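Structural description and commentary
Letter by letter, the chains look like this.
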Protein chains: 2
Amino acid sequence: MEKIIVENKVQQVKLLAAINDEHDGVIVELSEPMHSEDFASMLKASIVQWRKQGKRGVWIKVPIELVNLVEAAVKEGFWYHHAEPNYLMLIYWIPEGTHTLPANASHRVGIAAFVMNDKREVLVVQEKSGIFRGTGVWKFPTGVVDEGEDICVAAVREVKEETDIDTKFVEVLAFRQSHKVYFGKSDLSFICLLQPLSFEIQKQESEIEAAQWMPLDEYVAQPFVQKSEIMKYMFDLCLAKVDKNYSGFSPVSTTSNVSDENGYLYVNSQDLIKAVSSGHHIST
Amino acid sequence: MEKIIVENKVQQVKLLAAINDEHDGVIVELSEPMHSEDFASMLKASIVQWRKQGKRGVWIKVPIELVNLVEAAVKEGFWYHHAEPNYLMLIYWIPEGTHTLPANASHRVGIAAFVMNDKREVLVVQEKSGIFRGTGVWKFPTGVVDEGEDICVAAVREVKEETDIDTKFVEVLAFRQSHKVYFGKSDLSFICLLQPLSFEIQKQESEIEAAQWMPLDEYVAQPFVQKSEIMKYMFDLCLAKVDKNYSGFSPVSTTSNVSDENGYLYVNSQDLIKAVSSGHHIST
């Protein structure tokens, strides 16, 4: 008798609206304000239901306005997957054993821009904050690639923002992966060659202390460059590109019919064109 | 009179322990359980103090065990910066105007592994879940690069996990950036060439339906490859590498004396060696 009453009670509780994902999981997007006690009951009942249905991962997206519901979900066994300024994504794994839910975004992506004019002067800046503040170091313009932004677009944008110089993206000369640079996150930095289209510098007030076209020899003579294995290496790359036919990766616009999204593929176009023109393009 | 009382009250409230960051901000790492009301009072008083000190960004790291404190911080004007399974990072900007706090990690990083044996057979798998489940599609082993893991290490690990084949990392043939693949996050996928060191396949039970060495022609003849511009492009790249001296980016271990961290720089070593050996290595 007691069992039936319990079941009735469970059935009377409203369930959370959820959509199915491609991995036998469910996704809940909360949007309506509610009391945390009501939410806790709905969540409990919903998990019972999902378990019966053989569901595995449960995702709950909680907008920051509904922050009052977060504690209830954590008490139910949920943990954090990721957060953005306006929401928190909570996850739960119904089956026994270790979950197979995908990890959070793990990398921040940055660019460093190598821009040289016809006089072999390179575009350099001094930054107002960060580790180089007040050191007098002249460095390539750098910046962070925004979410959803192409690397080749970000490089042009950062140079424009910091120095007002217009550029055309040419190629990625190299990239570097480093770890634990940022709350335990990793970093991928792309060293990009850009061709200047304008030459009159107007520095950004908020972040940039100074900007100039600097003779290549002066740039490389800086102790900051000379003392750093990686800076010297990067500089050799830039020179190899300018003087010696070094080939980096250039962006090719592609469409994927698998995922319906567009994106750039970065390849050694110089070598690929050579290979294809020598008659080996078997796949078309 | 009333004002003095208020000020005394504020001064009696314990302040949150904080450390300074490099950008005129403060970082608070909560660890002791407390009531949310006590936390709210301490937080209010601390903000008054930080404002007096000219502080700008405020970071509060809240372990998931202290989830009861999150709502109080949001009510005080904090928002989410990022979250990991066991904590939530909240931020606040004290000055007037737009904040200049760095963005959250924005990219997930993946690898696809091109592994070919001496008989021109390529290592392929069928996956148990995801969009290719049940489609009969044979694809290169793929996987996600873990936080803190090198791309060249991740590629070798994924091939080993999925097929038990030991490999040596050779180079990155190309990479692709796509957007909004994953809760609005972007994705960077590195197509990697690996040299097989063993040949006996033992497939992973949990994720892999089947694995085999497949003749190159059979792989490329699949409709999944033929119908996809990007898959064909990637395949041409692989062939250009195998048959035509295509040069990708290979990893060079580097040390940065600026940040004291190690990492790999991925460069076109073939072209760089040519450039340097032709006598232009001016920077050492």
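Per an unreviewed UniProt entry, chain A goes by the name Nudix hydrolase domain-containing protein and belongs to Hevea brasiliensis.

Helix and strand counts for chain A come out as eight helices and 13 strands. Relative to the globule expectation of 19 Å for 284 residues, the C-alpha radius of gyration of chain A, 26 Å, shows a markedly less compact shape. Dimensions of chain A along its principal axes, counting C-alpha atoms only, are 90 × 55 × 30 Å. Residues counted as buried form 54% of the 284 residues belonging to chain A. In chain A, once contacts between residues fewer than 6 apart in sequence are set aside, the share between residues at least 24 apart is 61%. In the form shown here, chain A has an accessible surface area of approximately 13100 Å², with 51% of it arising from carbon and sulfur atoms. Each charge sign in chain A was given a centre, from 28 positive and 40 negative side chains, and these centres are 5 Å apart.

Considering soluble globular proteins, one finds that nonpolar side chains tend to be buried as a cluster. Core analysis: the largest hydrophobic core is formed by 110 residues, its most contacted members being A:F190, B:F190 and B:Y219. Setting aside residues no more than four positions away along its own chain, B:F190 makes contact with A:F175, A:L188, A:F190, B:V109, B:G110, B:I111, B:A112, B:I151, B:V172, B:A174 and B:F175.

This next bit is on the side chain of B:K241. Residue and element names in this part refer to chain B. By secondary structure assignment, the location of K241 is in helix α7 (residues 229-244). Accessibility expressed as a relative area gives 17% for K241, which makes it buried. Beyond its immediate sequence surroundings of up to four residues, K241 is in contact with E171, L173, L193, Y246 and S247.

Let us now look at the domain arrangement of chain A. By the assigned domains, chain A splits into domain 1 (2-93) and domain 2 (107-242). The distance between the C-alpha centroids of domain 1 of chain A and domain 2 of chain A comes to 46 Å.

What follows concerns the relation of the copies chain A and chain B. Each copy of the sequence occupies a distinct position, and chain A is placed on chain B by a rotation of 180° and an axial shift of 0.0 Å, giving an RMSD of 0.1 Å. This pairing of chains is accounted for by a two-fold axis. Looking at chain A, 100% of its interface residues are interface residues in chain B too, so the copies touch through the same face.

Scoring rules and cut-offs
- Residues numbered from 1 in each chain as written.
- Chains lettered and ligands numbered in written order.
- Predicted model: local features only at pLDDT ≥ 70, side-chain atom pairs only at ≥ 80, totals over all residues.
- Heavy atoms only, no water.
- Helix = DSSP H or I, 4+ residues; strand = E, 2+ residues; numbered from the N terminus.
- Rg over C-alpha atoms; globule rule 2.2 N^0.38 Å.
- Buried < 20%, exposed > 50% of the residue type's maximum accessible area, 1.4 Å probe, protein only.
- Contact = heavy atoms within 4.5 Å.
- Areas by Shrake-Rupley, 256 points an atom, 1.4 Å probe, with all protein chains shown as cover.
- Lys, Arg positive; Asp, Glu negative; His and termini not counted.
- Charge placed at Lys NZ, Arg CZ, Asp CG, Glu CD.
- Core = buried A, V, L, I, M, F, W, Y, C linked by side-chain atoms within 4.5 Å.
- Domains from an automatic or database assignment.
- Least-squares fit on C-alpha atoms with pLDDT ≥ 70 in both.

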